[in-house]
Amino acid sequence: MRAHDVLLAADHGSKTAKTHNEECDASFATIYRRVSVLQDHDLIEKRNTVDPDGSHRNKFEMALEEFHIEITDGTFSLTLETRDMLADDYTSFWTDRRGDD
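The paragraphs below set out a description of the structure included in this document. Note that residues are indexed from 1 along each chain, following the sequence as it is written. This being a predicted model, a pLDDT of at least 70 is required before a residue's local features are given, and a value of 80 or more before pairs of side-chain atoms are given or counted; all residues contribute to the totals for chains, interfaces and linings. Side-chain numbers here rest on the full set of heavy atoms in the structure, without hydrogens or water.

1. Side note on the overall build of the protein
Piece 1. Helix and strand counts for the protein stand at four helices and four strands.
Piece 2. Listed by position from the N terminus, the elements making up the protein come as α-α-α-β-β-β-β-α.
Piece 3. Each residue gets one of three labels from its accessible area relative to the maximum for its type: buried under 20%, exposed over 50%, partly exposed in between, using a 1.4 Å probe on protein chains only. Split into buried and exposed, the 101 residues of the protein put 26% on the buried side.
Piece 4. In the protein, 36% of the contacts between residues at least 6 apart in sequence involve partners at least 24 apart. In this description a helix means any DSSP run of H or I spanning at least four residues, a strand means any run of E spanning at least two, and both kinds are numbered starting from the N terminus. Two residues qualify as a contact provided that any one of their heavy atoms is within 4.5 Å of a heavy atom in the partner residue.

2. Overview of the pairing of strand β2 (residues 56-62)
Taken residue by residue, a regular strand's side chains alternate between the two faces of the sheet.
Piece 1. Here strand β1 (residues 44-50) pairs with β2 via seven bridges, running antiparallel. Its bridge partner being in β2, Glu45 is matched across the sheet by Glu61.
Piece 2. Linking two consecutive strands that pair antiparallel, namely β1 and β2, is a turn of five residues; a positive phi of about 95 degrees is found at Gly54 within it. Two strands are counted as paired when DSSP detects at least two bridges linking them.

3. Points about unusual backbone geometry
Piece 1. Positive phi, close to 60 degrees, is recorded for Asp42, a residue that is not glycine.
Piece 2. Judged by relative accessible area, which is 46%, Asp42 ranks as partly exposed.
Piece 3. Backbone geometry at Asp73 places phi at a positive 50 degrees, although glycine is not the residue there.
Piece 4. Here Asp73 is to be found in the loop between β3 (64-72) and β4 (75-82).

4. Some points on the pattern of salt bridges
Piece 1. Each salt bridge in this description consists of a side-chain nitrogen of Lys or Arg and a carboxyl oxygen of Asp or Glu lying within 4 Å of one another. Tallying each qualifying case throughout the model produces one salt bridge.
Piece 2. With its nearest N and O atoms 3.5 Å apart, the salt bridge here joins Arg47 to Glu61. With Arg47 in strand β1 and Glu61 in strand β2, this residue pair connects regions lying 14 residues apart in the sequence.

5. Observations regarding a nonpolar patch on the surface
Piece 1. Patch membership requires more than 30% relative accessible area and the absence of a salt bridge. Residues of like charge join within 9 Å; the nonpolar side chains Val, Leu, Ile, Met, Phe, Trp and Tyr join within 5 Å. We get accessible surface area from the Shrake-Rupley algorithm with a probe of 1.4 Å; when it comes to residues, only the shown protein chains can shield them. On the surface, a cluster of nonpolar side chains totalling about 680 Å² of accessible area is made up of Phe67, Ile69, Ile71, Phe76, Leu78 and Leu80.
Piece 2. You can see Leu80 is positioned in strand β4.
Piece 3. Taking the relative accessible area as the measure of exposure, Leu80 reaches 40% and is therefore partly exposed.

6. Points about the packing of helix α2 (residues 17-24) against helix α3 (residues 28-40)
Piece 1. Helix axes are fitted only over the stretch in contact, all axes being lines through C-alpha atoms; the angle between N-to-C directions runs from 0 to 180 degrees. For the pair α2 and α3, interaxial distance at closest approach is 9 Å and the crossing angle is 110 degrees. It follows from the interaxial angle that α2 and α3 lie roughly perpendicular. In this structure, α2 uses Ala17, Lys18, His20, Asn21 and Cys24 to contact α3, whose residues at the interface are Phe28, Ile31 and Tyr32. The scheme is simple: roughly parallel for angles under 35 degrees, roughly antiparallel for over 145, roughly perpendicular for 65 to 115, oblique for anything else.

7. Quick look at the environment of Ser55
Piece 1. Here Ser55 is to be found in the loop between β1 and β2.
Piece 2. Distance and chemistry together define a polar contact, namely a pair of N or O atoms within 3.5 Å, with one atom able to donate a hydrogen and the other to accept it when in protein, and with adjacent residues in sequence counting only for side-chain atoms on both sides. Separated by 2.7 Å, the side chains of Ser55 and Asp53 make a polar contact.

8. Focus on the packing of helix α1 (residues 3-10) against α3
Packed helices, taken two at a time, are described by the angle between their axes plus the distance between the axes.
Piece 1. For the pair α1 and α3, the least separation of the axes is 9 Å and the interaxial angle reads 80 degrees. On the basis of their axis angle, the class for α1 and α3 is roughly perpendicular. Contacts between α1 and α3 involve Ala3, Val6 and Leu7 on the former and, on the latter, Ile31, Arg34, Val35 and Leu38.
Piece 2. Gly is placed with the polar residues, together with every amino acid not listed as nonpolar (Ala, Val, Leu, Ile, Met, Phe, Trp, Tyr, Cys and Pro) or charged (Asp, Glu, Lys and Arg). Counted by class, the contact of α1 with α3 contains six nonpolar, no polar and one charged residues.

As structure tokens, then:
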């Protein structure tokens, strides 16, 4: 199991380590190691959530928005664009309060 497997799974919405464990067929230790590497590179974000029963969970969500490779004259450049999670959270908070779709 490679880090990009976790990253691709996270692209389909925020997921707990347990969900990643089930979808990627890997141990929790492996999932957390891969998540740690992805967090070090700002490609995945950890979100703390509270379930209706009051229990707290960590969910992991893709932070990568765009990935560009440009090849010119035998060299290549790589550009990564990530979401601004704080701005997204703030916007979601107020959108939810107003009832916007």
